[in-house]
Amino acid sequence: MLLKLLFRSFSSTSKPFKCSAVKAMGRKFTVGGNWKMNGDKATYDGLIANLTSNCLDKEVDVVIGAPACYLEYVRTKLPSTIGVAAQNCFYKKSGAFTGEISPEMILDNKCDWVIIGHSERRQIFGETDQMIAEKVNYALSVGLKVIFCIGETLEEREAGKTHEVCFRQMQAAADKVKNWDNVVVAYEPVWAIGTGKVATPEQAQDVHAALRTWAKDKLSPEIAEGLRIIYGGSVTADNAPSLSKQPDIDGFLVGGASLKPEFVKIINCKSD
Ligand code: PGA
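A quick note: this is a predicted structure, and the numbers were derived from the prediction, not measured. The residue numbering used here restarts from 1 in each chain and proceeds along that chain's sequence as written. Local features in this predicted model are restricted to residues whose pLDDT is 70 or higher, and side-chain atom pairs enter the listing and the counts only when it is 80 or higher, whereas totals over whole chains, interfaces and linings include all residues. Note that the side-chain values use all heavy atoms of the structure and ignore hydrogens as well as water.

**Student:** Can you help me understand the sheet that holds strand β7 (residues 228–232) in this one?
**Tutor:** Two strands qualify as a pair provided DSSP detects at least 2 bridges between them. Every helix listed is a DSSP run of H or I at least four residues long, and every strand listed is a run of E at least two residues long, numbered separately from the N terminus. One closed barrel accounts for 8 strands, arranged β1-β2-β3-β4-β5-β6-β7-β8; its pairing is parallel. In this sheet, adjacent strand axes meet at a mean angle of 25° when their direction is disregarded. The pairing of β7 with strand β8 (residues 251–254) spans 2 bridges and is classified as parallel. Bridge pairing in β8 links Gly 232 to Leu 253. Packing of helix α8 (residues 162–174) onto the sheet brings it into contact with β5 (145–150) and β6 (183–187), and relative to β5 it is tilted by some 150°. Geometry is summarised by axes, namely lines fitted to C-alpha atoms with helices restricted to the contacting stretch, and by angles between N-to-C directions that run from 0 to 180 degrees. The contact rule is simple, with two residues in contact once any of their heavy atoms fall within 4.5 Å.

If you want it as structure tokens, here you go:
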């Protein structure tokens, strides 16, 4: 109900975004909305109406991460210019894996993205670096695009291990993945997810730049230059503009705020 009211007031009072042509430069800015295990069809109707009734910056790749059982519903309702992602998948085509979905099933629902390695998968469901690397590699091999999440816990940050942890998570994927064209890396410090404690632009840029340097050394200079590294963790319409100005921040993965009208402002933060 609250969501519905928010939408009503938003649609009636917000200034529509001017659809000016924005020049594309380098890596395409990418904004993912991770709905997690929230909402129902009525909620999604409101969220989709917010996305379709406002003008979105055409130079931004927008991807919505929907719960598996709603992939088809959301895919059917969103325009094809907006991607739809599953929030997880397994690394096999089919078989006795109760409760899992395969990348092939995601594709069969006309969705072409998947979020893999989210910290909630790692922490609550015990997914390891190796398992996540298998998933990333398999999903890519059947043609999905992957938002690959990495990031350190508060304890690891306080122990000065941020870079080490992120590099370890990247290396596990790099041991399997050879073609990085369809990978978007989401750096999401665990302490910033759902806590309202966003990384400062400087903190985020520091890790993004370190990841790009790592990619240059361990993958190749070309891969590093083209690799989209997006930031996630308490992104809002207020903090998105300053974060987006950092040279190595190529977009966002947004949880809580993707369930609010302000998600449009986050998408448009480079040009609003
Ligand atoms: P948050 O979540 O924006 O609510 O912090 C981000 C995420 O989990 O991807």
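**Student:** How should I be thinking about the pairing of strand β1 (residues 29–34) in this particular structure?
**Tutor:** With respect to burial, β1 is a largely interior element, 6 of its 6 residues being buried. Each residue's exposure class comes from its accessible area (1.4 Å probe, protein chains only) as a fraction of the maximum for that residue type: buried when under 20%, exposed when over 50%, partly exposed otherwise. Both faces of β1 are covered, namely the face carrying Phe 29, Val 31 and Gly 33 and the face carrying Thr 30, Gly 32 and Asn 34. Where β1 meets strand β2 (residues 60–65), 6 bridges bridge the pair, whose relative direction is parallel. Bridge pairing in β2 links Thr 30 to Asp 61. Each parallel crossover has a hand, and for β1 linked through helix α2 (residues 41–53) to β2 it is right-handed. If the strands point away from the viewer and the path from the first strand over the helix to the second runs clockwise, then the crossover is right-handed.

**Student:** Honestly, the site of the ligand in this entry has me stumped. Any pointers?
**Tutor:** We define proximity as follows: a residue is near a molecule or strand when any one of its heavy atoms falls within 4 Å of that partner. As a structural note, the neighbourhood of the ligand is formed by 13 residues, with Lys 36, His 118, Glu 188, Gly 194 and Ser 234 the closest of them. By the criterion applied in these results, polar contacts are pairs of N or O atoms within 3.5 Å in which, for protein atoms, one can donate a hydrogen and the other can accept it, and in which residues neighboring in sequence qualify only through two side-chain atoms. Contact distances for the ligand include 2.6 Å between an oxygen atom and a side-chain N or O atom of His 118. Between Ser 234 and the ligand, the recorded distance is 2.7 Å, taken from a backbone N or O atom to an oxygen atom. Note on areas: these come from Shrake-Rupley sampling with a 1.4 Å probe, and a residue is covered only by the protein chains present in the view. A total of 280 Å² of accessible area belongs to the ligand in isolation, and the protein chains cover 95% of it. For the shell around the ligand, the per-class residue count stands at 4 nonpolar, 7 polar and 2 charged. Ten residue types, Ala, Val, Leu, Ile, Met, Phe, Trp, Tyr, Cys and Pro, are classed as nonpolar, four, Asp, Glu, Lys and Arg, as charged, and the remainder, Gly among them, as polar.

**Student:** Where do I start with the pattern of salt bridges in this structure?
**Tutor:** For side chains bearing opposite charge, pairing can occur when the charged atoms are close. The term salt bridge refers to a side-chain nitrogen of Lys or Arg lying within 4 Å of a carboxyl oxygen of Asp or Glu. Counted under the stated rule, the structure contains 15 salt bridges. Here Asp 45 makes a salt bridge to Lys 77, at a shortest N to O gap of 3.6 Å. With Asp 45 in helix α2 and Lys 77 in helix α3 (residues 71–77), the pair connects residues that are 32 residues apart, well separated along the chain. Through salt bridges with shared partners, one network takes in Arg 27, Arg 212, Glu 225, Asp 248 and Asp 250.

**Student:** Can you help me understand empty space enclosed by the protein in this one?
**Tutor:** Rolled over the atoms, a probe sized like a water molecule indicates the empty space that remains. Only protein atoms enter the 1 Å grid used here, on which a cavity is any set of points holding a 1.4 Å probe that cannot leave and a pocket is any open set flanked by protein within 12 Å on both sides along at least five of seven lines; residues with an atom within 4 Å of a point are listed as lining. Grid points are joined across faces, edges and corners, and a volume is the space filled by probe spheres set on the points. Counted according to the given criterion, the structure contains 2 cavities of 30 Å³ or more. Quantified by volume, the largest cavity comes out at close to 40 Å³. Residue lining of the largest cavity: Gly 117, His 118, Ser 119, Arg 122, Cys 149, Ile 150, Gly 151, Gln 169 and Glu 188, and that is the complete set. For the lining of the largest cavity, the secondary structure elements donating two or more residues are α5 (119–124) and β5. Here the residues of the lining of the largest cavity are counted per class, giving 2 nonpolar, 5 polar and 2 charged.

**Student:** What am I meant to see in the nonpolar core here?
**Tutor:** Burial of nonpolar side chains together is a common tendency in soluble globular proteins. If you look at the biggest cluster of nonpolar residues, it comprises 67 residues, and the most contacted ones within it are Phe 148, Tyr 231 and Phe 252. When residues of this core are assigned to their parent elements, the largest contribution, 5 residues, is made by helix α9 (residues 201–218). Excluding residues that lie within four positions of it along the chain, Phe 252 makes contacts with Phe 29, Thr 30, Val 31, Gly 32, Ile 230, Tyr 231, Val 235, Ala 240, Leu 243, Ser 244, Ile 266 and Cys 269. In this description, a nonpolar core means a group of buried Ala, Val, Leu, Ile, Met, Phe, Trp, Tyr and Cys residues linked to one another through side-chain atoms lying within 4.5 Å. Core analysis: the next-biggest nonpolar cluster, separate from the first, contains 10 residues, Trp 113, Ile 147, Cys 149 and Val 184 among them.

**Student:** I tried to follow unusual backbone geometry on my own but got confused; where do I start?
**Tutor:** A negative phi holds for most residues other than glycine; trans holds for most peptide bonds. If you check the backbone angles, Lys 36 has positive phi at about 50° while not being a glycine. Lys 36 gets classed as buried once you look at its relative accessible area, which sits at 18%.

**Student:** Would you mind showing me how to read the layout of surface pockets here?
**Tutor:** A volume near 520 Å³ is recorded for the largest pocket. If you go around the largest pocket, you meet 18 residues; those closest to its centre are Met 37, Gln 87, Asn 88, Arg 121 and Phe 125. Classifying every residue of the lining of the largest pocket by side-chain character gives 9 nonpolar, 5 polar and 4 charged.

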